[in-house]
Every structure is written in C-alpha cells, then in structure tokens.
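Here's the letter readout for the chains.
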Amino acid sequence: MGVGFCDWPPGSDITQVNNKQLTCHCCLFLTCRRQMCVSRFLRCVGVSLVPMAIICMVSNILLLLPELKPRFLLEGHVTREATWATGLWGSGLLVLLGARAFVQSSKTKGCWAFRSQMLCQALYSCVVLLAASGCSLVSATGLSQGPLCLYNSSSGLTWGVPLQPLPDRHSGYLYNQTLWSGVCMAPRSVVQWNVVLFSIMGITSALQAVLCGLNILNSLLGLILGQGFGRNRVAPVSV
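Residues numbered from 1 in each chain as written. Predicted model: local features only at pLDDT ≥ 70, side-chain atom pairs only at ≥ 80, totals over all residues. Heavy atoms only, no water.

### Examining a nonpolar patch on the surface
As a reminder of what qualifies: Each patch is assembled from residues with relative accessible area greater than 30% and no salt bridge, linking like charges that lie within 9 Å and nonpolar side chains (Val, Leu, Ile, Met, Phe, Trp, Tyr) that lie within 5 Å. Areas reported as accessible are Shrake-Rupley estimates using a 1.4 Å probe. Residue values count occlusion only from the protein chains shown. A pairing counts as a salt bridge when a side-chain nitrogen of Lys or Arg comes within 4 Å of a carboxyl oxygen of Asp or Glu. Elements are defined by DSSP. Helices are runs of H or I of four residues or more, strands are runs of E of two residues or more, and each kind is numbered from the N terminus.
A contiguous nonpolar patch, built from Phe41, Val210, Leu214, Leu217 and Leu220 and spanning about 420 Å² of accessible area, is present on the exposed surface. Relative to the helices and strands, Leu220 resides in helix α7 (residues 190-225).

### Thoughts on the state of the cysteines
Our working definition: Cysteine sulfurs are considered disulfide-paired once they come within 2.5 Å of each other.
Tallying each qualifying case throughout the model produces one disulfide. The closest cysteine sulfur to the non-disulfide-bonded Cys135 is located on Cys56, 5.0 Å from its own sulfur.

### So, a positive patch on the surface
Threshold: Charge assignment: positive for Lys and Arg, negative for Asp and Glu; neither His nor the chain ends contribute. Charge placement uses NZ in Lys and CZ in Arg. For Asp and Glu, CG and CD serve respectively. Only protein chains enter the accessibility calculation, which uses a 1.4 Å probe; a residue is then buried when its area is under 20% of its type maximum, exposed when over 50%, and partly exposed in between.
On the surface, Arg40, Arg43, Lys107 and Lys109 cluster together into a positively charged patch. Exposure remark for Lys107: the relative accessible area of 58% places this residue in the exposed category.

### Considerations on the pairing of strand β3 (residues 156-160)
This is how it is decided: The rule for pairing is simple: two strands pair if DSSP sees at least two bridges between them.
Pairing geometry for strand β2 (residues 149-153) and β3, over five bridges, is antiparallel. By the bridge assignment, Asn152 is partnered in β3 with Leu157. The hairpin formed by β2 and β3 contains two residues between the paired strands.

### Notes on the packing of aromatic side chains
Heads up, the condition is: Each aromatic pair joins two rings of Phe, Tyr and Trp (for Trp, the six-membered one) with centres within 6.5 Å, and gets the label stacked for planes under 30 degrees apart, edge-to-face for over 60, and tilted for any other angle.
For the structure on display, the rule yields two aromatic pairs. Ring geometry for Phe72 and Trp159: centres 6.4 Å apart, planes at 65°, overall edge-to-face. In this pair, Phe72 sits in helix α2 (residues 71-74) while Trp159 sits in strand β3, placing the two residues 87 residues apart along the sequence. Note on Phe72: relative accessible area 1%, which makes it buried. According to the relative accessible area criterion, Trp159 is partly exposed, its value standing at 28%.

### Some words on the packing of helix α1 (residues 37-63) against helix α5 (residues 111-145)
This is how it is decided: Angles here are taken between N-to-C directions and fall from 0 to 180 degrees, while the axes themselves are lines fitted to C-alpha atoms, restricted in helices to the stretch in contact. Crossing handedness follows the turn of the near helix against the far one: under a right angle anticlockwise gives a left-handed crossing, and clockwise gives a right-handed one. Every residue pair with non-hydrogen atoms within 4.5 Å of one another is taken to be in contact. Following the grouping adopted for this structure description, the nonpolar residues are Ala, Val, Leu, Ile, Met, Phe, Trp, Tyr, Cys and Pro, the charged ones are Asp, Glu, Lys and Arg, and the polar ones are all others, Gly among them.
Here α1 crosses α5 at 35°, and the two axes come no closer than 13 Å. The crossing of α1 and α5 is left-handed. Seen from α1, the contacting residues are Val38, Ser39 and Leu42; seen from α5, they are Phe114, Met118 and Gln121. Looking at the contact of α1 with α5 residue by residue, the class counts come to four nonpolar, two polar and no charged.

### Concerning the nonpolar core
Quick note on the threshold: By nonpolar core is meant a set of buried Ala, Val, Leu, Ile, Met, Phe, Trp, Tyr and Cys residues that side-chain atoms within 4.5 Å join together.
In this structure, Tyr173 and Val191 are the most contacted members of the largest nonpolar core, which totals 21 residues. For this core, the elements supplying multiple residues, two or more each, are α1, α5, α6 (179-182) and α7. Among the elements that make up this core, the one with the highest residue count is α7 (six residues). When residues no more than four places from it in sequence are discounted, the contact partners of Tyr173 are Gly142, Leu143, Ser144, Gln145, Gly146, Leu163, Leu179, Trp180, Val191 and Val195. Of all hydrophobic cores here, the second largest spans 14 residues; its members include Leu42, Val95, Val128 and Leu211.

Spatial relationships are all this shows, so hold off on functional conclusions.
See below:
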C-alpha cells in the first residue's frame, strides 16, 4: 500500500474548498515496479567472480608446472592437491558459468519471470558456493601438508612429502622457514612456489564463497520482493 499527499492551492482553506472542484494528486509508492537493487547486486557479483575465477585457474595451472616445466607433471611428481585441479573446474569453470548466469539473470524483466530466475540463481549460488568452498579447503590442505618433492631420506634420494606435520617430529613447515630451502632438492624453490600459489587460490576461492553466500541472500530477497527494494516508481492518481 502507498501513502499519498495532496497539493492544495496556495492561500486556500481546506475546510472551505468544495471536494468536487478539488483535484488531489496523490503519489502512491508502487511496490510491484521496484528498481534494480537486486539486479545490480546480482550483476556486480557476476562481474566480480570472473577475475577471481581466472586467478584460481592460473594458480592451479602454475601449481601443476613447478619451475614452469611440464616434466614433473608427466612424471607424476606434482603435489597431490594440485592434481585434483579444484582451481580449474571448481573455482574456475563452475564459477565462470555461475557468473555468466548471474549477469544474464540481472537483465530479466517482468515480475514472475524475474522471481523464477531468482529461484534458479539461488540454486546456482549454492552450487558455486560448494565448489568454491571445496577449492578453498583443498588449498588449505595442500598448504598445510607441504609439497611433493625430491628429498634426502635415510634410504637416499626419494620423492615424497617430507614437510607434512607429524606428531613426533615437528608441527609443520609453515612456522619454521628454515625448512623451506634445506629439505626439498627438486623442483627448485617448490616450497615457496606452493605456499604462494596455494595461499592465493585459497584466499580467492574463500572470497568467492563469501560472495556466493551473499548472493544467495540477495536472490532470496529478489524472489520475495521483486527486482528491487530501494527506489519506487511514483504514479499520480486523481481523486
């Protein structure tokens, strides 16, 4: 419902004016034609997810190529969490598809068409949220476990994960940077390589998850309220 007001002639007494000769222009705030608050947020989320998805994809590709050489990948000497490629298909491809759907849905017109799109976008956001959260979890695991590398063990040079935290040895390499350069023999600087790239991918995918969580709320608001809940269209009505 709307609240109206009347423009009275200057100097006139409201008690002396004939109702039949008076025209009140009442401004009614119509809720069915709200502006684009929900659509704008949906479009902003979609546009923001694109560079984040590209960052995750590039980070995962670089994790598969230590020293920028494909031979480690071909030989199977790449960190396990990197080979899962969650930055490619999770926070990468799925997020790009979701971002495209968000931007396209923000252009939908019509009350019922928009609400049906908001229901779809809420479901898409849940899928993208799960994908981004999975990538963030995998990145955190890869970061905490350490890289797969060639190291000097008691039986000689061996490929393994020498920096993973063990109860009887050490709490983890992240808090002891002296282990970063003295344990892994190959690939060169693989510890720093993994720390930087897994950190970038984990933080970026976590931001994606936050945006998708907010977009779920935004889509539910759009489903309930329509295209916006900020500015309303004003229509004059003669009484």
